Amino acid sequence: MSDVVVLGAGIAGHTAALHLSRKLGQEHTVTVVSPNSYWNWIPSNIWVGVGKMKRKQVVFPLGPIYRKKGISFEQAEAVAIRPYGDAEDPRGAVDIVRTDPAQAGETDRIRFDYLINATGPKLKFSATEGLGPDGFTVSVCTADHAVEAAAQFREVIAKLKRGQRQTIVVGVGHGTCTCEGAAFEYVFNVDTELRDAGVRDLARVIYLTNEAELGDFGVGGMVFDEHGYQTTSKIWTESLFRERGVEAIAGAHVERIEPNIVHFETLDGEHHSLEFDYAMLLPPFGGVDLAAYDRDGNDITSELFAPNGFMKVDADYTAKPYEQWRAEDWPKTYECPGFDNIFAVGIAFAPPHQISRPRKSPNGTLIAPAPPRTGMPSGVMAKTAALTIVDRIQKGKATPARDASMTEMGAACVASAGTGLRSGSAAAMTMMPVVPDYSKYPTGRDTKDTRGELGLHGHWVKLMLHYLFIYKAKGLPGWFLIPE
Amino acid sequence: MDDKTTLPTVDLTNAPLPTEKTLRHRKSLIGQAGSFVIFNLRMLRLITKGKH
């Protein structure tokens, strides 16, 4: 009998737990530890954030699903990993602090034979003074944040309808943020809502991003083959901004936010201040606060985790310049070095470096999008780690790990640019692979499978994925046939 | 405080604008139904071709 513990119940953690429960017999246990009792389809939060969807359409309670699937659920925050166990038991253990209201603050220690760390990000609003719902901007990172964003956005529309001009800033709130795609989606959904409300001409809409150029999306941009010519995601994205009349500021690091003013530095080292009436700025991500201890209680956090709090896996973390980055630097199995029973997937694993070229301003400020590792790649990594564990339980601990490097994995990214079954629009992109491999492809990616299209069909795809992935996450009949 | 003239906005004046034909295609139900099918097939190819 083996006990498998999964930390986190987001896209990665939940996917891993479902596959583990499907593949492992009842003699084994699967336990999910998550501080939240609800699952959230985060890609649709942008629609909640403009009032096009209700919170209940993007979340559902995890408890009933886990009861049905025979998965134990601990509503708790994991605070420490003990890979060597403790004085009482040499098996690995995780220290948790319960977060469900009935037992809030109670601590416990859960033993494991295998562990998947899929804790997702810590939303580091504190990295920028005044950033976030406790400061002077809104966010769509969680469903509750998005509900608040929608409420404030409604007020903006009401003011516009009264004839008051408004400046709306959407983007990222720090030079090292990731998820620029979500900010891109939000700005065009805001634009669409303003048009539908008949007040677009009174609003100034500005996209503020750390990307050195539009269309980078944290993946270094893309090169597309189009009508016999190569074009870039930069040209394609700039076209959309021009068409919609959305202004853009690129290569920006937000330094601090005051009421209705955002202060930022750009790659040329200049400092700027911009007045706003409404701002949705995403925070940078960090690893959650997890410590690690050996059997004697000595702190070994730095052995398991990188300084940014993400867990080290089978990547090459040697510091080297951009020109020396290679596809082989990226992890394949997501196994924590030295521990063949511990894995980190999704945002929880420490990437070896960025994907986009990192840049610094003349003042030394790092302005470099962090690599995205959410959505499709996150689910694939989770399934890969889960199946490695299943193999090792069923065939023996020496069974080689399965692999799914982001340099050999494709991804579809569908960025909504407005809703409506007849009038919606989205930028629908596919890329193969996610992390470019210049040793295989001159442009870093296979141009046959790296494409970008804009149109109503993109909205249909985004809506289809919304319903498909919620169906899958609910573990309804045939859920496992829907690919990650 | 920056104003419109000092704010370092990206110069989009040379960005290509879609033609009328492209705009019509983006909204055409028949054309978009075809694009929808093709995009889904492309996603399936990504899944079968890559590590998934």
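Here, every reference points to the structure presented above.
Per chain, the residues get numbers from 1 upward, laid out in the order the sequence is written. Written order determines the labels here, with chains lettered from A and ligands numbered from 1. Given that this is a predicted model, residues contribute local features only at a pLDDT of at least 70 and side-chain atom pairs are listed and counted only at 80 or more, while totals for whole chains, interfaces and linings are drawn from all residues. Water and hydrogen atoms were dropped before computing side-chain values, which therefore reflect all heavy atoms in the structure.

S.K.: So what exactly am I meant to see when it comes to the overall build of chain A here?
M.R.: The way it works is that DSSP assigns letters per residue, a run of H or I at least four long becomes a helix, a run of E at least two long becomes a strand, and they are numbered from the N terminus. Along the backbone of chain A there are nine helices and 26 strands. The globule rule puts the C-alpha radius of gyration for 484 residues at 23 Å, and the 22 Å found for chain A is close to it. Overall, chain A is about 70 × 55 × 45 Å in size when its C-alpha atoms are taken along their principal axes. Relative accessibility under 20% of the residue-type maximum defines a buried residue, over 50% an exposed one, and the middle range a partly exposed one, all with a 1.4 Å probe and only protein chains included. In chain A, which comprises 484 residues, the share counted as buried stands at 62%. When checking whether two residues touch, look at their non-hydrogen atoms; a contact exists if any pair is within 4.5 Å. The long-range fraction of contacts in chain A, counting pairs at least 24 apart against all pairs at least 6 apart in sequence, stands at 68%. For chain A, the computed accessible surface area is about 18300 Å², with 49% contributed by carbon and sulfur atoms. His is not counted here, nor are the chain ends, while Lys and Arg score as positive and Asp and Glu score as negative. Positions of charges follow a simple convention, taking NZ of Lys, CZ of Arg, CG of Asp or CD of Glu. Positive and negative charge centroids in chain A, built from 50 and 58 side chains respectively, lie 6 Å apart. Only C-alpha atoms enter the radius of gyration; for comparison, a globular chain is expected to reach 2.2 Å times N to the power 0.38, where N is the number of residues. Every accessible area reported is derived by Shrake-Rupley at a probe size of 1.4 Å, with residue values counting cover from the shown protein chains alone.

S.K.: Got a minute to help me understand the interface of chain B and chain A in this structure?
M.R.: A common way to state how big an interface is: give the accessible area lost once the parts meet. Each partner contributes residues to the interface: chain B has 33 residues there, and chain A has 53 residues. Throughout, the accessible surface (probe 1.4 Å) given up by two parts as they are put together, summed over both, is called the buried area. Here chain B meets chain A over a buried area of about 3900 Å², counting both sides, of which 66% is carbon and sulfur. Each salt bridge in this description consists of a side-chain nitrogen of Lys or Arg and a carboxyl oxygen of Asp or Glu lying within 4 Å of one another. Put simply, chain B and chain A have three salt bridges between them. Between Arg 45 of chain B and Asp 449 of chain A there is a salt bridge; the shortest N-O distance is 2.7 Å. Among the elements that make up the side of chain B that touches chain A, the one with the highest residue count is helix α2 (residues 29-49) of chain B (13 residues). Polarity classes work like this: nonpolar for Ala, Val, Leu, Ile, Met, Phe, Trp, Tyr, Cys and Pro, charged for Asp, Glu, Lys and Arg, and polar for all others, with Gly in that last group. For the side of chain B that touches chain A, the residue count by class is 17 nonpolar, eight polar and eight charged.

S.K.: In this structure, what is going on with the side chain of Thr 15 of chain A? I would like to understand it.
M.R.: Relative to the elements of secondary structure, Thr 15 of chain A occurs in helix α1 (residues 11-23). Excluding residues within four positions of it along the chain, Thr 15 of chain A makes contact with Gly 10, Gly 379, Ala 382 and Glu 484 of chain A.

S.K.: Help me out: how do you make sense of the pairing of strand β1 (residues 3-7) of chain A in this one?
M.R.: Along a regular strand, successive side chains alternate from one face of the sheet to the other. Residue and element names in this part refer to chain A. β1 sits mainly inside the fold: five of its five residues count as buried. Going residue by residue along β1, you find Asp 3, Val 5 and Leu 7 tucked away on one face and Val 4 and Val 6 tucked away on the opposite face as well. When DSSP finds two or more bridges between two strands, those strands count as paired. By the bridge criterion, five bridges tie β1 to strand β2 (residues 29-34) in an arrangement that is parallel. Looking across to β2, one finds that Val 6 is bridged to Val 32. With its strands directed away from the observer, a crossover is right-handed exactly when the path from the first strand over the helix to the second travels clockwise. The parallel pair β1 and β2 is bridged by α1, and the resulting crossover is right-handed. Bridge analysis of β1 against strand β8 (residues 114-117) gives four bridges, and the strand direction is parallel. Across the sheet, the residue bridging to Leu 7 is Asn 117, located in β8.

S.K.: What should I look at first to understand the sheet that holds strand β24 (residues 411-416) of chain A in this one?
M.R.: Strand pairing in a sheet relies on backbone hydrogen bonds. The paired strands run either parallel or antiparallel. Residue and element names in this part refer to chain A. Taken in spatial order, the three strands make up an open sheet running β24-β25-β26, and their pairing is antiparallel. Sheet topology places β24 and β26 (451-455) at the edges, where each strand pairs with a single neighbour. For this sheet the average axis-to-axis angle between neighbouring strands, irrespective of direction, equals 15°. Every axis corresponds to a line fitted to the C-alpha atoms, with the helix fit spanning only the stretch in contact, and the corresponding angles, defined between N-to-C directions, vary from 0 to 180 degrees.

S.K.: What is the right way to read the environment of Leu 202 of chain A from this model?
M.R.: Residue and element names in this part refer to chain A. Looking at where Leu 202 falls in the secondary structure, it is placed in the loop between α5 (180-196) and β11 (203-208). It is 42 Å that separates the C-alpha atoms of Leu 202 and Lys 472, two residues lying 270 residues apart in sequence. Once residues lying within four places of it in the same chain are set aside, the contact partners of Leu 202 are Leu 160, Gly 163, Arg 165 and Gln 166.

S.K.: Just to check I follow, could you spell out the packing of aromatic side chains for this structure?
M.R.: Any two aromatic rings considered together are summarised by their centre-to-centre distance and by the angle between their planes. Residue and element names in this part refer to chain A. Under the pairing criterion, centres of Phe, Tyr and Trp rings, with the six-membered ring standing for Trp, must be within 6.5 Å; the plane angle then separates stacked pairs below 30 degrees from edge-to-face pairs above 60, leaving the rest tilted. This model, assessed by the stated rule, comprises 16 aromatic pairs over all chains. Between Phe 224 and Trp 236, the ring centres sit 5.7 Å apart and the planes meet at 80°, which makes this aromatic pair edge-to-face. Placement of Phe 224 in strand β12 (residues 223-226) and of Trp 236 in helix α6 (residues 233-244) is noted, with a sequence separation of twelve residues between them. For Phe 224, a relative accessible area of 1% gives the class buried. An aromatic cluster is present here, built from Phe 184, Phe 188, Tyr 207, Phe 217 and Phe 241 joined pairwise through their rings. A ring is scored as having a charge over it whenever the NZ atom of a lysine or the CZ atom of an arginine sits within 6 Å of its centre and within 35 degrees of its normal. Seen from the ring of Tyr 38, Arg 55 lies directly overhead, with NZ or CZ sitting 5.5 Å from the centre. Sitting over the ring of Trp 47, Lys 462 keeps its end group 5.5 Å from the ring centre.

S.K.: When you look at a nonpolar patch on the surface in this model, what are you seeing that I'm missing?
M.R.: Think of a patch as exposed residues, more than 30% relative accessible area, with no salt bridge, where like charges cluster within 9 Å and nonpolar side chains (Val, Leu, Ile, Met, Phe, Trp, Tyr) cluster within 5 Å. On the surface, Val 37, Leu 41 and Leu 44 of chain B cluster together into a nonpolar patch covering about 280 Å² of accessible area. Take Val 37 of chain B: it is sitting in helix α2.

The values reported here are purely geometric and, on their own, carry no functional implication.
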